[in-house]
Amino acid sequence: MPRIRLRTQILLLQVVIIIISLTVGFGIVLHRVATDTRTEYGYRAKAIAETVASDTEVRAGAAGQSAARRAGRPAAQQELAAAPLQRQALAITERTHVLFVVIADDAGYRIAHPEPSHLGAPLSTDPSATLAGEVEVSQQRGTLGESVRAKAPVLGDDGIVVGLVSVGIATETVDEAARRALLLLVGLAALALAIGVLGSGLLARRWRRLTLGLEPEEMAELIREQNAVLYSGSEGVIAIDAEGVTRVINDRARELLGVTAEAGTPLADLGLTDRVAGVVETPTEVPVAAAVNERVVLVASRRVIRGDTDLGTVLTAVDRTDVEALTRELDSVQAMSAALRAQRHESANRIHVVAGLLRDGRTDEALAYLDEIAGRAGVLPVSGLDRLDEPHLRAFVSAKAARARERGVVLRVGADTALVGVLAHPVDTTTLVGNLLDNAIDAAGDGPAPREVELDVLRDGDDLAIIVVDSGPGFAVDDPFAEGVSTRADPTVPGGRGLGLVIARQVARGHGGEVTVVARGDDGEPTTVMATLPRGVCDDA
């Protein structure tokens, strides 16, 4: 026997629930409609009876007939039939469409009745409660048939009961009204059933669309596979549906992209940086580098489409921080290697000079040359480097000077530099200085001669101020701190360039400092960038 699909089971279950609910509810309503209809017509009869009983002519007529009966001179049937009270009762009966309007005296004898032959005869039902001053509503059978009737006392001028008015509405009229109400309810119930079935069908259709036609066991398997993929890998993954609402965020994505919001948050409220959000809005499978907090990540995104259905976008993020750090270390090693090569060439040249002088027998000249070399042994390869009395920066700037020479750029330490002490954060500080110097050296190398870069490091108490000036052409972009914006293309860098100043600013801000562009290099002025690092230096231990 073929297995019934889940959406079909849900549809059948909903239809059964709707039918049972309507059946039970209709039974309750059926009972209430009959009861409420009788009560409503009873109130209607009561209102007519009380209105008639309060009429002046009815009160006077009932008082007169009651007095005549007490005096032993009751009116004859023909006299009652011709009395104004009879005509008034018949007129009210016709006008209100009730079964009867009967008026009786204080002894319970009819003085007005739809059937003249019943005039002067006693009432067919007990009038004692009404003649005692109470208004009575009940369903009784009388000479005119079964009816819902109300009896109201007629009071004389002195407040004493002088008669009663009985108004009856045929039970057939009440039942007909109840049937009309029930037919209306049956129609409403049928309409509710049709709407319920239609709604259940639409819900089943929507269920199929939302689940992509998958059965529960298939969805369970997908969830297991999803958890295995999302939470066991090193990539950060964020899934956004077609409406821009985040549906999946794995722990790695929270760590790399600094996301704290829960799944179900709109993309605009997720807290992504502008660069990462731009990758989501414009999907690209080529990794794009972005700076997030203190990390450099590679982000990419792609649209997910199944059939003709757009399921949304998947964003992936990979940490490039370690690669960036290794790149910086490699740059330092290459710079030191270049410095050593330069020193080796310089030493070889000096040895060749000494060897040549000795072969020619010019011993005195050779000694003088050696004395000159020995006297210049303390000359530093970077102008002003002796002003940096800090071991980390001193060695780092020496290495950067070798890289600058390869680009044909002169790197010097400014005359205002006077740094004594030890860096409080050597790794972050050299990363900051390295990014600023790399940008300045590249800019100066692309500019006209003389190609120069000047570094000034100032100490104010425990705070550091780092100023880098270059002779390059200046910034060609409006916002030098925009991620991924660079005038230099380098296909060897994953995600592209354009992160140097961004990383420098993030490092500075991580310690409460800032990186600002003091001069953009317009109108021939030098380009100047300044960074501040609070509590960036301390005295020697």
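Use the structure listed above.
Residues numbered from 1 in each chain as written. Predicted model: local features only at pLDDT ≥ 70, side-chain atom pairs only at ≥ 80, totals over all residues. Heavy atoms only, no water.

Q: Please clarify how the nonpolar core should be interpreted in this entry.
A: Within soluble globular proteins, side chains that are nonpolar generally end up buried alongside one another. If you look at the biggest cluster of nonpolar residues, it comprises 38 residues, and the most contacted ones within it are Leu-432, Leu-436, Val-453 and Val-515. Elements represented by at least two residues in this core include exactly α12 (391-406), β12 (410-413), α13 (426-446), β15 (452-460), β16 (463-470), α14 (500-510) and β18 (527-533). For this core, the element with the most residues is α13, which contributes seven residues. Judged by nonpolar contacts, the second largest core, of 29 residues, contains Tyr-41, Ala-53, Ala-62 and Leu-80. (Core = buried A, V, L, I, M, F, W, Y, C linked by side-chain atoms within 4.5 Å. Buried < 20%, exposed > 50% of the residue type's maximum accessible area, 1.4 Å probe, protein only. Helix = DSSP H or I, 4+ residues; strand = E, 2+ residues; numbered from the N terminus.)

Q: Quick question: what am I supposed to make of the sheet that holds β18 here?
A: Taken in spatial order, the five strands line up as β12-β15-β16-β18-β17 in an open sheet, and their pairing is mixed. Of all strands in the sheet, those bounded by a partner on one side alone are β12 and β17 (514-520). If you compare each strand with its neighbour and ignore which way they point, the axes differ by 15° on average. Note: β17 against β18, six bridges, orientation antiparallel. Note on β18: the bridge partner recorded for Glu-514 is Thr-532. This element, α13, spans β12, β15, β16, β17 and β18 of the sheet and lies at about 15° to β16. Those strands touched by α14 are β17 and β18, and its axis lies near 135° from that of β17. (Pairing = 2+ DSSP bridges. Axes fitted to C-alpha atoms, helices over the stretch in contact; angles between N-to-C directions. Contact = heavy atoms within 4.5 Å.)

Q: Can you walk me through α14 in this structure?
A: Residues spaced three or four apart along an α-helix point in a common direction, a consequence of the helix completing one turn every 3.6 residues. The element α14 is extensively covered by neighbouring structure, given that eight of its eleven residues are classed as buried. When we look at burial in α14, the residues that qualify are Gly-500, Leu-501, Val-502, Ile-503, Ala-504, Gln-506, Val-507 and Ala-508. Gly-512, located one to two residues past α14, shows a positive phi value of around 85°.

Q: What am I meant to see in the sheet that holds strand β7 (residues 246-249) here?
A: Strand pairs in the sheet, formed through backbone hydrogen bonds, run parallel or antiparallel to each other. Sheet architecture is open: five strands sit in the order β7-β6-β10-β9-β8, paired in antiparallel fashion. At either margin of the open sheet sits one strand with a lone partner, and together these are β7 and β8 (288-292). The average undirected angle you get between the axes of adjacent strands in this sheet is 30°. Of the pairings in the sheet, the one linking strand β9 (residues 295-306) to strand β10 (residues 309-319) comprises ten bridges and is antiparallel in character. Bridging from a neighbouring strand, Ser-301 pairs with Leu-315 of β10. Of the strands in this sheet, β6 (236-240), β8, β9 and β10 touch helix α9 (residues 274-281), which is tilted by about 145° from β8.

Q: Can you help me understand the packing of aromatic side chains in this one?
A: Given two aromatic rings, one states the distance between the centres and the angle between the planes to describe the pair. The full count for this structure, using the stated rule, is zero aromatic pairs. Here the basic side chain of Arg-69 rests over the ring of Tyr-109, its NZ or CZ set 4.1 Å away from the ring centre. (Phe/Tyr/Trp six-rings, centres within 6.5 Å; stacked < 30°, edge-to-face > 60°. Lys NZ or Arg CZ within 6 Å of the ring centre and 35° of its normal.)

No statement about biological role is implied by the geometric values presented.
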